[in-house]
Amino acid sequence: MTNDIKYDNRSADLFGKESGDYILERRLKELNSDLHTRFKDTVFAVQKILSMYRLLFPEYTDHSELHSMTVIDSCNRLIGEDQIEKLNADEIYILLTACYMHDVGMGISDADFETFKNNLNEEEFFKKNPAATKADFVRVYHNEFSGFFIDKYAPFFDIPSTQHVFAIKQVARGHRKTDLFDEKEYPASLVLPGGNTVCVPYLASLVRLADEIDVVATRNPQVLYDIETLTDEIEIVENKKLDAVKAMIMTKEAFILTCSTDEEEIFNSLLAMIGKMQATLDYCRKVVEERSRFVIYQKKVILEKI
């Protein structure tokens, strides 16, 4: 695998030579220039759509194109130079496109919300959560909204076939909650026009894990850390927790998060977050081990205090 990577900022430098070498993007361009162009066109079209999440979540963790780029960069690292050649052009195109579109559901339009919500047990959700808002509903189901969006607007993104649309939709949906062991929803060898096959559970595992580890403080708007403006005790603890994560280093063996806090409650909250991340890592490792010919090398999520 390539050198260790430290996530301590979200500037353009994060995606330069020191932290990443675009192995997925470069490989796709080498294998299939047409698919590479389709992906680039999707990036251009989706950027403004991703930024629309701020209409519902003006003070929420970043879900813009910066987050999508970080997820792609993490996928580059998780795959590494030693596995990239196992992926065919269609798999790389599907992975990159799904990375970029996995959070489009966070900025769903009012019209699409009204259309799609009927498939998501809206009435039951609000019965169980009477104080919930539309934003709460979208946040909980945003991966499903992303899937509906991809299905509806696939022709506008010039996605090559219905099989490609299905794969991109499933990989995007799979960044949270869905059952990656479901052979119908996540076939291990989906046949595409032209003869290539796609290992859908592997690609979905990469996106789920890459999404899970994007937790550094610089992902979030500074307003989240203005504790003096907050009144809810739970919200204060959550925001202090987010602010405490200063960096993440990915090695071949582990994800190492560094934090800075003197408050025991915040540190314990971070430990709980690490436990959730470890559970996601364990699950994705199991999916990949049992349902693909690939490997996720990292085994541990580690928290270090500075």
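Please refer to the structure placed before this passage.
Below you will find a few notes about this structure. (Residues numbered from 1 in each chain as written. Predicted model: local features only at pLDDT ≥ 70, side-chain atom pairs only at ≥ 80, totals over all residues. Heavy atoms only, no water.)

**Brief notes about the packing of aromatic side chains**
What counts, and what does not: Each Phe, Tyr or Trp ring, with Trp reduced to its six-membered ring, pairs with another whose centre is within 6.5 Å; inter-plane angles below 30 degrees give stacked pairs, above 60 give edge-to-face pairs, and intermediate values give tilted ones. Strands are runs of DSSP state E lasting at least 2 residues, helices are runs of H or I lasting at least 4, and numbering of each runs from the N terminus. Burial classes: relative accessible area under 20% of the type maximum marks a residue as buried, over 50% as exposed, and values in between as partly exposed (1.4 Å probe, protein chains only). Two limits define a charge over a ring: the Lys NZ or Arg CZ must be within 6 Å of the ring centre, and within 35 degrees of the ring normal.
Applying the stated criterion to the full structure yields 15 aromatic pairs. An angle of 80 degrees between the planes, with centres 6.3 Å apart, marks the rings of F39 and Y100 as edge-to-face. Of the two residues, F39 sits in helix α2 (residues 33-51) while Y100 sits in helix α5 (residues 89-101), which places them 61 residues apart along the sequence. Comparing F39 with Y100, the two get one shared label, buried. Taking the centre distance of 6.0 Å and the plane angle of 90 degrees together, the rings of F113 and F137 count as edge-to-face. In this pair, F113 is assigned in helix α6 (residues 110-116) and F137 in helix α8 (residues 134-153), connecting sequence segments 24 residues apart. Through a chain of ring-to-ring contacts, three or more aromatic side chains come together here, namely F113, F125, F126, F137, Y141 and F145. If you follow K177 out to its NZ or CZ, it ends over the ring of Y141, 5.6 Å from the centre.

**Regarding the nonpolar core**
Convention followed: For our purposes a nonpolar core is just a set of buried Ala, Val, Leu, Ile, Met, Phe, Trp, Tyr and Cys residues, chained together by side-chain atoms within 4.5 Å. For this analysis, residues touch if any pair of their heavy atoms sits within 4.5 Å.
The biggest cluster of nonpolar side chains holds 87 residues, and the ones touching the most others in it are L24, L87, I94, L95, Y202, F255 and L257. Top contributing element to this core by residue count: α5, with ten residues. With sequence-adjacent residues up to four places away left out, I94 is seen in contact with H164, A167, I168, V171, L192, V198 and L203.

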